[in-house]
Each structure stands twice: as C-alpha cells, then as structure tokens.
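# Results of the structural survey
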Amino acid sequence: MAGTISRGIKAPIIRQGDDIVKIVADSVLTAAQEDGFQLHEKDVICVTEAVVARADGNYASTTDIAEDVKAKLGGETIGVVFPILSRNRFAICLRGIAKGAKKVVLMLSYPSDEVGNHLFDMDLLDDSGVNPYTDVLTLEDYRRIFGCIKHPFTGVDYVEYYADLIKEEGAEAEIVFANHPEAIVKFTKNVLCCDIHTRARSKRRILAAGGEKVLTLDEILNAPVNGSGFNPQYGLLGSNKATEDTVKLFPKNAQEVAENIQKEIIARTGVKVEAMIYGDGAFKDPVGKIWELADPVVGAGFTEGLNGLPNEVKLKYLADNDFADLSGEALADAIRQRIKEKDADLKGNMVSEGTTPRRLTDLIGSLCDLTSGSGDKGTPIVLVQNYFNNYAN
C-alpha cells in the first residue's frame, strides 16, 4: 500500500579525505539491515552536496578569492551586483572580494534579493514614492525612506552588515539600491555579477550599457588559486561558509560520485539503484517568502535514470471526466488500464493537466532537502523508494 517513501539515513561525521562512496554504501546497507527494508531497482540514493565537497576538500580562503578577483577585475573599484542576503552563502565571499579591491560599490536589489530575502516589506514601497523598476537609491535615500530594518528571521541589518564586512577588509564601501543591473556602470565599469539564476542576463545588460570587465560568480575560482579548491562549472556559486575566512565550494566531482555510488551498490547487492548529489531544493516558503534555491542547480550530479520529467496522468481528471460513471473496483480497474496505455509523452494532453512540469532531479532533490534538513538531523543521505511506482503497479 505504500507510495513514495523518503527515508533519512544517518552517517558518520564526514571529513576531508573520507571515501564518500564507501560511507554512503555502508550507511544505506546498514540502515536496510537494522531497519528491515530492502533495496529495489529504481530506488534513489541521494547525498547532500555539502558532504561530497567536504570529503573532496573543496575549500578556498578569502585570500584565494581576493587573488582571483584582483587578477580578473583589476583590484581598483569593483561593482558587486545583486548578491543574496546571507551570512552563510555570501558574507565570506564578500570578504574575499573586498580584500581584492580598493573600493566596492555594492548594488543591492530591493525590496528583496532574488531568493526572497527581504531588506524591507514590500508594502513599504506603496507610500514611499519610489519606483522600484527605475529608481536608483543611495544609502542616504534608503535610510531616509525606509530606515534601519533588521531581517525578521536573522535579526541582521544586511545593509550595515555587508558595509562593515567590506570596510573590515580594508576597502572603501559605497552602497546603492537598484533593480536594473546596468545602473552599476555609472559607478564603475569593472563588475562582478553575484546573482545566481539571472547572472547571464545581468552580465549581458551591463556589457551592453558600457561595462568593460564584467564577470559572474561562476567565473571566480573556476580554476585553483594557489592550490585552492575550485569548481570549473560553477566557481563560487553554491559555496557556503566554512569558517570566518574560508568557504566550501559546490562539489566539482558530483557526477563521478553519483555514478560510483550506483556502481558500488550494484557490486554489493546486484540491485541497480539510481543516485544523485543534491543541493538546495526548489520551493518557496509562503510565509517567509524565501526561495530555498541558493545553489545554481538542485541536482549537482545524477545517474542516467534520473534524466527527464514526470510523465503522469491526473487521477482526479480521469475520475471526474473519462470515468465519471464508474465507481469502486470498476473505476480502479479502468484507471489502472488507462495508466498502462498512456502515451510516452503526455505534453499538452488534458489528462496530464495539473501534474508537475519540473525535472525529476528538481523534484526528488527538493524532497531530499526537506527530508535531510540543514541542521542537526545527521542524515546527509536520503533513500527515496517507490518514486517511479504508480497506481497501476
């Protein structure tokens, strides 16, 4: 009778140099033995990106960041455009950036960053006389109109916090507020676009407006600096605070680890599971208004069986329309038969209306992120079972 099961699995505290593939396989198989479940084909073993990067030792210091920023952007005045408001995600990156510049012009989007962290409540805009689509505000404008507002969850005034970080690293700080990235060229033509999912658009617009040296975060630490960690695809994107002067980067070996987990489980059990390395889930908190997705992708690496989108029929549509005159076992049988006969691609078909048009890796990774949490549960591994089962099987 069970449908999808998402099972958090405890693991040892993972350190640099640990064999992450062996630890994952050991943990899953020990849990199966102790908790009395079996692995089946198409089960999905998921591992949070944090422990994969930690085992790989994919770390970098603020000095490493500073050297790369200075070499690529000149070390004078640098525009830092649209960073997210996060002590964990961006603060240490900002320290490194400031260390590699004489002046930082920090341009914040308002009233919130791209993942929904608010500088102030959107309702305050209504009577402010400010047009967020066109107006560029100085720090003085911002303070006069909106005051000194602390984030309701963290208690931090991010404007003050980020300004202090820049100054602590010996750089001059100027803070402005705008929602069109090309506004930065009024202040400097050497720019680092720090937005995550809109970075290519921001870079294109800044270059079109006269920007000269314009980079995105995935172009910083996309190669090692003085033997540092790096990520060739994502650079600083997806990094997290490790210490006050180091960051843990998004794992550069995620695809390899996912494939090797699959191979290890097949070798030990003969069962072909799928595997993925997951980052932040993609969902929005309707109360706090925060999008969770601060990583560049949900699925950092995954096996071939996780490619694609769901191809599902909507049971309630069938029950209310095609089989409205049936009930009981006759209804169940008719629906099972329709599922078995469904087309390989239901895109545009009314019978699939309302099913979730998202990639499998985004859906499964979001489920895993909610299951494992980000605190002290101690379950960086999640086993998802029965995900590919349906009402007919």
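Quick look at the structure, then. (Residues numbered from 1 in each chain as written. Predicted model: local features only at pLDDT ≥ 70, side-chain atom pairs only at ≥ 80, totals over all residues. Heavy atoms only, no water.)

## Quick look at the sheet that holds strand β2 (residues 44-48)
- Judged by pairing direction, the sheet is mixed, and its five strands sit side by side in the order β1-β14-β2-β12-β13 without closing on themselves. Pairing within the sheet leaves two strands with one partner each, and these edge strands are β1 (5-9) and β13 (299-302). Pairwise comparison of adjacent strand axes, ignoring direction, gives a mean angle of 20° for this sheet.
- Summarising the sheet, β2 and strand β14 (residues 381-385) pair through four bridges and their orientation is antiparallel. Within the sheet, the bridge partner assigned to Ile45 lies in β14 and is Leu383.
- Each of β1, β2, β12 (274-278), β13 and β14 touches helix α11 (residues 360-372); the most contacted strand, β12, lies at about 65° to it. (Pairing = 2+ DSSP bridges. Helix = DSSP H or I, 4+ residues; strand = E, 2+ residues; numbered from the N terminus. Axes fitted to C-alpha atoms, helices over the stretch in contact; angles between N-to-C directions. Contact = heavy atoms within 4.5 Å.)

## Details of the nonpolar core
- Formed by 54 residues in total, the largest nonpolar core has its most connected members in Phe90, Leu108, Leu119, Tyr162, Phe177, Leu192 and Leu236.
- Going through the elements one at a time, α3 (62-73), β4 (77-81), α4 (91-99), β5 (103-108), α5 (139-146), α6 (158-168) and β7 (172-177) are the ones with two or more residues in this core.
- By size, the runner-up hydrophobic cluster in this structure holds 28 residues, among which are Ile20, Ile23, Leu39 and Val52. (Core = buried A, V, L, I, M, F, W, Y, C linked by side-chain atoms within 4.5 Å. Buried < 20%, exposed > 50% of the residue type's maximum accessible area, 1.4 Å probe, protein only.)

## Considerations on the packing of helix α1 (residues 20-35) against helix α8 (residues 254-269)
- Look at α1 against α8: their axes get within 9 Å of each other, and the N-to-C directions meet at 50°. If you check the angle between α1 and α8, you find them oblique. Between α1 and α8 the crossing geometry is right-handed. Judged by residue contacts, Ile20, Val21, Lys22, Val24, Ala25, Asp26 and Leu29 of α1 engage Val257, Asn260, Ile261, Glu264, Ile265, Arg268 and Thr269 from α8.
- Across the contact of α1 with α8, the residue classes break down as eight nonpolar, two polar and four charged. (Parallel < 35°, antiparallel > 145°, perpendicular 65-115°, else oblique. Left-handed = near helix turned anticlockwise from the far one by under 90°. Nonpolar A, V, L, I, M, F, W, Y, C, P; charged D, E, K, R; others polar.)

## Description of the environment of Val52
- Turning to its location among the elements, Val52 is positioned in helix α2 (residues 49-56).
- Linking Val52 and Val257, residues 205 residues apart in sequence, is a C-alpha distance of 7.9 Å.
- Ignoring sequence-local partners within four residues, the contact set of Val52 consists of Ile20, Val47, Pro251, Asn253, Val257 and Ile277.

## Remarks on the packing of helix α9 (residues 315-322) against helix α10 (residues 328-340)
- Relative to each other, α9 and α10 sit at 120°, their axes nearing to 11 Å. In terms of orientation, α9 and α10 fall into the oblique class. For the pair α9 and α10, the sense of crossing is right-handed. Contacts between α9 and α10 involve Leu315, Leu318, Ala319 and Asp322 from the first element and Leu331, Ile335, Arg338 and Ile339 from the second.
- The class makeup of the residues in the contact of α9 with α10 is six nonpolar, no polar and two charged.

## Let's talk about α8
- A rise of 1.5 Å per residue sets the reference length of α8, with its 16 residues, at 22 Å; its end C-alpha atoms lie 23 Å apart and thus fit the reference within 8%.
- Here α8 has its buried residues at Ala254, Val257, Ala258, Ile261, Gln262 and Ile265. Along the axis of α8, the buried residues cluster in a sector spanning 140°; they form a single face. Of the residues in α8, the exposed ones pointing more than 90 degrees away from the buried face are Lys263 and Ala267.
- Elements that come into contact with the buried residues of α8 comprise α1, β2, α2, β12 and β13. (Expected span 1.5 Å × (residues − 1). Arc of directions from axis to C-beta.)

## As for the sheet that holds strand β3 (residues 59-61)
- One open sheet holds the three strands; their spatial order is β3-β11-β10, and the pairing between them is antiparallel. The outermost strands of the open sheet, each flanked by one partner alone, are β3 and β10 (240-243). Pairs of neighbouring strands in the sheet enclose a mean axial angle of 35°, with direction left out of account.
- Where β10 meets strand β11 (residues 246-248), three bridges bridge the pair, whose relative direction is antiparallel.

## A few points about the packing of aromatic side chains
- This model, assessed by the stated rule, comprises ten aromatic pairs.
- An aromatic cluster of three or more residues is present, and its members are Phe90, Tyr158, Tyr161 and Tyr162.
- The ring centre of Phe37 lies 3.9 Å from the NZ or CZ of Arg7, which sits over that ring.
- Above the ring of Phe388, the side-chain terminus of Lys42 is found at 4.4 Å from the ring centroid. (Phe/Tyr/Trp six-rings, centres within 6.5 Å; stacked < 30°, edge-to-face > 60°. Lys NZ or Arg CZ within 6 Å of the ring centre and 35° of its normal.)

## Some thoughts on the pattern of salt bridges
- Scanning all chains against the criterion turns up 25 salt bridges.
- In this structure, Lys103 and Glu172 form a salt bridge, with 3.8 Å as the shortest nitrogen-oxygen distance. Taken together, the positions of Lys103 in strand β5 and Glu172 in strand β7 put the pair 69 residues apart, joining distant regions of the chain.
- On the basis of relative accessibility, which here comes to 18%, the residue Lys103 falls in the buried class.
- For Glu172, a relative accessible area of 48% corresponds to the partly exposed category.
- One salt bridge in this structure joins Asp141 and Arg144, with 3.2 Å as the shortest N-O distance. Remark: Arg144 and Asp141 occur in helix α5; sequence separation between them is three residues, near one turn of the helix.
- Residue class for Arg144 comes out exposed when judged on its relative accessible area of 60%. (Salt bridge = Lys/Arg side-chain N within 4 Å of Asp/Glu carboxyl O.)

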